[in-house]
Structures are given as C-alpha cells and as structure tokens.
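# Understanding the architecture of this molecule
Here are the chains, one letter per residue:
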Amino acid sequence: MSIAKNDFVVLTGVSGCGKTTLCRCLNGLIPNFYAGKLEGDLKINDVDVKGKSTAELATHVGFVFQNPENQLFSLSVERDVAFGLENLGIERELAIERVNWAMEVTGISQLRNKAPYELSGGQQQRAAIAGVLAMRPEIIVLDEPTSFLDPKTADEILKVISRLNREFGLTTLLVEHRLDTVSAYANRVIVMDKGKIVLDGPPEAVYDESARLIGIGLPKVTALFHLLKRDGIPVTINPITVTQASEALRRVSGN
Amino acid sequence: MISVEHVSFHYPGSSETLHDISLKIDDGEFVAIMGENGAGKTTLVKLFNGLLKPDSGSVLIDNVNSRDRSVAELSRQVGLIFQNPDHQLFAETVGEELRFSLKNFGFEESVIENRVTSLLTALDIEKYVNASPFMLSGGERKRVALASILVWDPKHVVMDEPTIGQDYLQKDRLRNFIIQLISQKKVIIVVTHDTEFVAECNPRVVLMSKGRIIADGPAKSILTDQTMVEEASLVLPQMTQLMRSIPELHAPDDIIDVYAARKFLLQALKARVETRRERR
Amino acid sequence: MSLRFVEGFKFTRIDSPIHRMDPRAKFILTLGFFATSLMFTNVYVLLIIFLAQAPLIILAKTWRRWGRSMRGGLFLGGFIFVMNFIFGTSLTLSIAFTLRFFAIMSAFSFFFMTTSADDLGLALDQIHVPYVVSFTFTTAVRLVPTMALDAQTVVDAQRSRGLELDKGNIMKRIRNYIPILIPLIISAIRRSVELAEALESRAFGANENRTSITTLKLHRSDYAAMAATVLGVVAAIYVYFYLPLPNLIIPFKTPHLFE
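Basis of the calculations
Residue positions within a chain follow its written sequence, with the count starting from 1. Labels follow written order: the first chain is A, the first ligand is 1, and so on. This being a predicted model, a pLDDT of at least 70 is required before a residue's local features are given, and a value of 80 or more before pairs of side-chain atoms are given or counted; all residues contribute to the totals for chains, interfaces and linings. Each helix is a run of H or I in the DSSP string that is no shorter than four residues. Each strand is a run of E no shorter than two, and both are numbered from the N terminus. Here the globule rule reads 2.2 Å times residues to the power 0.38, and the radius of gyration is calculated from C-alpha atoms. The exposure scheme places C-beta atoms from the backbone and then counts, for each residue, the other C-beta atoms within 10 Å of its own, assigning buried at 20 or more, exposed at 12 or fewer, and partly exposed in between. Two residues qualify as being in contact provided that their C-beta atoms, derived from the backbone, are within 7 Å of each other. The convention used is that axes are lines fitted to C-alpha atoms, helices contributing only their stretch in contact, and that angles between N-to-C directions extend from 0 to 180 degrees. Angles below 35 degrees are treated as roughly parallel, those above 145 as roughly antiparallel, those between 65 and 115 as roughly perpendicular, and all remaining angles as oblique. The hand of a helix crossing depends on one turn: near helix anticlockwise from the far one by less than a right angle means left-handed, and clockwise means right-handed. Under the convention adopted here, Pro, Cys and the residues Ala, Val, Leu, Ile, Met, Phe, Trp and Tyr are nonpolar, Asp, Glu, Lys and Arg are charged, and Gly plus all remaining residues are polar. Between any two strands, at least two bridges found by DSSP are needed for them to pair. Boundaries between domains were set according to an automatic or database domain assignment.

Of regular secondary structure, chain A possesses twelve helices and eight strands. A globule of 255 residues ought to have a C-alpha radius of gyration of about 18 Å, and chain A, at 20 Å, matches this closely. Sorting the 255 residues of chain A into buried and exposed places 52% on the buried side. Partitioning the intrachain contacts of chain A with sequence separation of at least 6 by distance along the chain shows that 63% fall at a separation of at least 24.

And the structure:
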C-alpha cells in the first residue's frame, strides 16, 4: 500500500488482523524492537528506510500509543513535550520554541507546569501528541488513541488530530475499532483481515456490505442504510456522517 | 437486590468521591452505570462487594449491610469483573485460574470440576483448559477473567468497562452473553461509557457526574436527553442525532438504536412513497 | 510501621523558599545534618541538631507531614532504643542512638519532601552522572504511585475472588501472596514494554550529547545555605575535639543479662 502526503487514513480490522503489527513497522519498532522476519520494502518520502533505527525514523514518523499513562516520562508537561527534542540533542532555544508551538497547537499551554498524574486522560493524550509533534515528523501514527477516553473527550482529541492533518499537513494514520466518529475525518479507510489488506479506499466506498461481512463495526448510519436498502428503500449511498444520512433521507422522502 | 442509601464516600487525602448516592437495583435488572472518567462509577461498584465501606449511609446486599460482612462473604453474591484481566490472572493453567475462587469459597471437588467445565464451554475456551493464561490473546484473557468470576455463579454480576479495546464482533458476543445471563435471572451491572453499546442493549441507565447520580431511567429516555448526556461527558447515539436532524419526519423522541430507526423509517418513508404514488 | 513513615519522603509541590532552593544546595544541607549526627553521642548536642532542622521544616511549610512521618518512625526508633538497652548499652547512649536515628531520618525526609524527582534528575545530570542513571531514578520515582495503584487493584481483584489475606497459618499466608505477586510482576513487565516502545519512539538514546531545556542555577541564597552548612560542620568538628561537654547521665544500666 502507499499513503500520500496529507492523507488521513483509518486502519481497521478485527482483533488480531495485524493492524497493530503493521503500524509498528512504520516507525521502526519492527524490526528494531521486536524480533522476527521482515520482508518487503518500506519507503518514506521515496527513501528506503530498511536498516534505519527507530530513533532516526522518529523525526519522520511520530507514534502515539493507546495508553496515555505509559508514554509520559517527565514530572512536568513542558519537560515531557521536550523529551524527544532533548534526546535528539536539539539546542535549547530551538527546542523551547518547538515545545511552545506544540503545546499551543494541542491546546495545553496552560498546563505546562503540571505533572502528568495531575492531568485528565484527555489532557494526557494531548501532551503525548504534543511530545510527538515537537519532533516535527511528516507522518503521525496513532494506535487507538481514544480507547481509554470517554466519548466527549475522544471527540475533542479527534478534532485536534484532524486539525493537525488539515492545517499543518500532517499525514495521519489512525488505528481504530470504533468508526462512528473517526470516519468523517478520514479520506481513506484500509481494512485488514488475517494479516492482509482486504479493502482500501474512501470510506463511502469501503463501507459496503462486504465490509460488514469481515466483522468490522460500521458507523451506525451506514449500517442503517444497508438495512434500508435491503428493505427496498431507494438509497444509493453509504453515508459516513449524520448530515450525509439526513440529506439522503430527505431526498428519498421527496422533500 | 442491591440497595444504596444516602451513601457518601471519599478516598483518604481527596475530597468527596461519592456524594449522597441513593440507588436501588432489584433482582433480574440490567443496569448500565455511565458517566465521565472520574465520575465515581468504579468507586460505587466497589461498595457493592465491600472492597470499600461507605463513610456515611449504608449499602445493603440482599438486605445484609455491607459493613457486617467481609469482602469474601459479599463476593459470593456479587461478582466483580475488573477492567484489566492482567490484574487477576496468575495461575499456571486456565483451569487452575477458574478453580481458584471455587477453592477459596470452599466448594466440593466434584462441584468444582463440573462448574469449571461448564463455564469454559459457555465462553468457548474449553480448548485452553490446560494452557497458560498468559499465552492467550487479549480477548481470550478477558474471557478467562469473565469465566473465573462467573464460575461460582454469583447472583449479581458487575462488569467494569468490559468493552474497552474490543472489536465489534467481541462486543456482539458480549452482548449476547449478557442476554443469556439475564435469562438466568441474574442482576447485571455494567460500568461503561460506550454509548452505542448501551444503546444496543437498552438497559436501565444510571448516569453519574462528579460523584452524584444525575439521572436514572430507561436508556431510551436518558440517552436522548442532550443536557444530561453532555454533562456526563457522553455523546448522543448516532441514531438519535439522525432522527433529530430530520424533524420533518416526526420521529419519536426515544430512538437510540439502528433497528428502532429502521422500523420507524420504513413506515414513515413507505407512507410518503405511497402518498406520492397516489397523487400521480 | 505504617504508611505514614513513607509519606514523609514524598514530594509535594508547595511554594516555599526551601522548595525553590537548588537541590544541590539542599543536599549539602542534608549531608551537613547527617555528618554532624554521626559525629556525636552527646544527647544534648544531638537534640540541638534535631531541633535545628525545625526552622527549615517550618520555612518549607511541611511541618504537618513531617510530624506524621516522625510519628511513623516511632516504632523503628523505639526498636533501636529497646534493642540497645536490653543488650547492655547505657541508658544515655541508647537515648543518643535513638535521637541520632530521628535526626538523620528527619534530615533526609526534609530533602525528599522538598525536592522533586525531576529536579533531582537534573541535579544528577549537571554533576555529570550518566543520563541513564538519572533517568532510571526519575522514572522509578514516577512509577511508584502508578505501581502502588496497580498493587491495590490486584489485591482488590483477588479479594473479590474470595482470597482472604488475613486468615490461616504463616505458611498459608505466604502462599496467599502468590496471586498478588504474579499479576503485579506481569503488569510491571507489560508496562515496561509499553514504556520502552514509547521511549524508542521519542528517540531515546539517539544522541550522546543530550540537551536540556531547563537548567538549574545556584542563587545567592543557595550559596549562603551551603556556606552556612560548611561553617556549621567546621564548628561541630571544633566542638567535638576541643570542647568538653556535659552529657546526660543517668546512672542506670540493665543487669548483666546478656554479657
């Protein structure tokens, strides 16, 4: 598969399909951290990255993990966001500039002196994203970043991620099971099954009956329209958002 | 039956975690306790099996005051399944894991073997009876944890965030399993913030926010109340949002799941298609 | 020995002149109290050393927790006193040893209550301790509350399955800790793997010359504190060698039971 610049890709599939493994190939954790056999080519910006260390790739591919608790290292948010830059040996003035920018963009500037354990789950994930952002990668990979968050906070985090994609051109790959909200932000959905990519395309195209058969949980509006189609209602699209669905229903009801 | 009467509780060193909670759950009920992270949901359910004792007020399990019994005694009636199975798995084999609680509760050998076998079969993990629980996948470990609590057949089953990290098929299987348990007349209490999962189960919903119960009623009424839902840091179910975005169809105000939406739309849309045909 | 004892070594963020002090200066202060406590067996002097910390504790606004941790240390202090006295040490000396214990414990409690692990890490960095060492230390401190919570959850989970930790003979009680220890260890390992993944993804170890956005600077007050400590230790040495001091004399000794 290939991902274009500025893409917002949602990677999904049932548990064990290989999506977690795949995204760990993208930043070097496979094969550098996890043993095993890796075949094939991986190119980032047309450059072959086989043999590059995770540290080298960190400036190109940022990675945000599921559990906010286990990716915060420092006892203050500011120092945590600077952590990656300090590791890279970035000089102080530039590092401070980047840290301030990353915190502003993720909306946590006012939390700079707080300790990670004083933050809510949502704030912790923002801090984690800021810490990755500060290293200025072109690509960001997020592995189920909203699993532990309540729905409203999850929405807020997705909005932050979407903003980074649209305004700052950050190519985004997000792994997720719950497709209801995230599909609206994606221009592309990749579905994996048993270690292979089986579907790939814009969400409206991917979310048809065959996707349901693989066992992924389609957004409720999409599932609804599949049922209506089977019942003989003349709907033609696979809606991704409530707005798309309500427009389609208006057309069908003759308004 | 669980009866919570004017209970307040606070962890040492923090302000009140639960404030004047009153709640009654009857035999055979299915209740979802929902609310934002930190609302006090897990604290509340830890009162049900005596892990925590209230500062003031009382918690009665089948009319027995939780203060008068040990955790082991209360756990016989109230099975609490924790969010992370790794916090309880320790045995060499899955079978041993299930036998653990039965031995603690003093069950007889013959009964133990029967129970273990039937639970493993019910949760589709009998092939793992001699496997190490640590070798299993995340979803399988969750099922082992679930089995190890249900194996002593507690009357009340409490699940803390059972849907986190689960894919759609796993949630579906869980939902069906809950339906089975309800048919066995158990009291099922699920702590969750997964609105869509609750919408598909349609239980009674107890909504909590900042240590208080802010709403209590059928899922259809609670999950469609925008103010309440937002206060508890949740989101309206997608079907509810959809129905509200097409007011001209005059949908009933309490649609929360796909099947109810479909049913309504079929009759509403077919009616309009008919009237248009008649006009021609 | 309750958890109150441990509380006296936990950092809390308070705005006080002591909290703002450079950790290196604070550590010199603590070492000063430590060294002078070891020097003397004179009850009066040890009492002075112990009480001399009081104004610092008050300045740091931590006297309540300090008091609680002193109370928590009463058990160990009492143990030291009794063990010494029973085995033939004079009453005076037993009291002196107990006082010494409290003086030292109080000095280190003062240090850890007013210094965050991050600042400690920074201080270690700036005195050129290898980064891996200071990072390990800071991470360990950061993980203590997390793991304590994990431990509590595991205990809760197993108690909810009928495990009774307070029943049975000594052998059974020890075996009852297996269902606690194993999940704890496994959780710790899983957590470590997750942390390691995250560290790798933030380029940990990429550059031998690590930079830091915050640096500790010694201010005049820090220099003053360090100078005062040096003066105090010098004075103590003088007193020890050259000034004869009256000691508390209690003519009582246990009968020679264990000689």
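Across its full length, chain C carries 13 helices and zero strands. Starting at the N terminus and ending at the C terminus, chain C contains elements arranged as α-α-α-α-α-α-α-α-α-α-α-α-α. Over its C-alpha trace chain C gives a radius of gyration of 23 Å, far above what one expects of a compact globule, namely 18 Å for 259 residues. Viewed in the frame of its principal axes, chain C has a C-alpha envelope of about 65 × 55 × 30 Å. Evaluated residue by residue, chain C yields a buried proportion of 31% over its 259 residues. Counting only contacts in chain C whose residues sit at least 6 apart along the sequence, the fraction spanning at least 24 positions is 81%.

Right, let's get into the packing of helix α4 (residues 77–88) of chain A against helix α5 (residues 92–105) of chain A. Residues and elements named next belong to chain A. Running from N to C, α4 and α5 cross one another at 130°; their axes reach a closest spacing of 9 Å. As far as their axial angle goes, α5 and α4 are oblique. The chirality of how α4 crosses α5 is right-handed. Listed contacts from α5 to Glu78, Val81, Ala82, Leu85 and Glu86 of α4 are Ala95, Arg98, Val99, Ala102 and Met103. In the contact of α4 with α5, the residues fall into seven nonpolar, no polar and three charged.

We now examine the interface of chain C and chain B. In this complex, chain C contributes 18 residues to the contact, which on the side of chain B involves 18 residues. The element that contributes the greatest number of residues to the side of chain C that touches chain B is helix α12 (residues 178–201) of chain C, accounting for seven residues. A class-by-class count of the residues in the side of chain C that touches chain B yields eight nonpolar, five polar and five charged.

This next bit is on the pairing of strand β4 (residues 61–64) of chain A. Side chains on a regular strand alternate between the two faces of the sheet. Residues and elements named next belong to chain A. Residues Val61 and Phe63 line one face of β4 and the alternating positions Gly62 and Val64 line the opposite face, and both faces are buried. As judged from the four bridges shared by β4 and strand β5 (residues 139–143), these two strands associate in the parallel manner. Note on β5: the bridge partner recorded for Gly62 is Ile140.

Residue and element names in this part refer to chain A. Assigned domains of chain A: these are domain 1 (8–204) and domain 2 (219–255). For domain 1 and domain 2, the distance between their C-alpha centroids amounts to 33 Å. The interface is formed by six residues belonging to domain 1 together with six residues belonging to domain 2. At the level of secondary structure, the elements contributing two or more residues to the side of domain 1 that touches domain 2 comprise α8 (179–182) and α9 (203–206).

Looking at the secondary structure, you find C:Ser212 in the loop between α12 and α13 (220–242). Each C-alpha atom of the pair C:Ser212 and C:Val155 lies 40 Å from the other, and the pair is 57 residues apart in sequence. The contact partners of C:Ser212, leaving out residues within four places of it in the chain, are A:Glu86 and C:Asp125.

Here the focus is the environment of C:Leu93. All names here are of chain C. Relative to the elements of secondary structure, Leu93 occurs in helix α8 (residues 91–114). Residue class for Leu93 comes out partly exposed when judged on the 17 C-beta atoms lying within 10 Å of it. Put simply, Leu93 and Gln158 are 65 residues apart on the chain and 48 Å apart in space, counted from C-alpha to C-alpha.

All names here are of chain B. Helix α3 (residues 94–104) sits mainly inside the fold: nine of its eleven residues count as buried. Within α3, the full set of buried residues consists of Val94, Gly95, Glu97, Leu98, Arg99, Phe100, Ser101, Leu102 and Asn104. Following α3 by one or two positions, Gly106 has its phi on the positive side, about 80°.

A word on the sheet that holds strand β10 (residues 212–218) of chain B. Residues and elements named next belong to chain B. The six strands lie next to each other as β6-β7-β8-β3-β9-β10, forming an open sheet whose pairing is mixed. Single-partner strands in this sheet number two, and they are β6 (78–81) and β10. Averaged over all pairs of adjacent strands, the angle between strand axes in this sheet comes to 15°, irrespective of strand direction. Pairing of strand β7 (residues 156–160) with strand β8 (residues 187–191) involves five bridges; the strand directions are parallel.

Another aspect to go through is the packing of α4(A) against helix α6 (residues 121–133) of chain A. Residues and elements named next belong to chain A. Packing of α4 against α6 leaves a shortest axis separation of 7 Å and a crossing angle of 35°. In the packing of α4 onto α6, the handedness of the crossing is right-handed. Contacts from Val77, Asp80, Val81, Phe83 and Gly84 of α4 reach α6 at Ala127, Ala130 and Gly131. A class-by-class count of the residues in the contact of α4 with α6 yields five nonpolar, two polar and one charged.

Right, let's talk about the sheet that holds strand β2 (residues 18–25) of chain B for a bit. Residue and element names in this part refer to chain B. Ordered in space as β2-β1-β4-β5, the four strands form an open sheet in which the pairing is antiparallel. If you trace the sheet from one side to the other, it starts and ends with β2 and β5 (64–65), each paired once. Bridge analysis of strand β1 (residues 2–9) against strand β4 (residues 56–61) gives five bridges, and the strand direction is antiparallel. Looking at the pairing, Glu5 lines up with Ser58 of β4. Here helix α1 (residues 41–48) sits on the sheet and contacts β1, β2 and β4; the angle it forms with β1, its principal contact strand, is near 125°.

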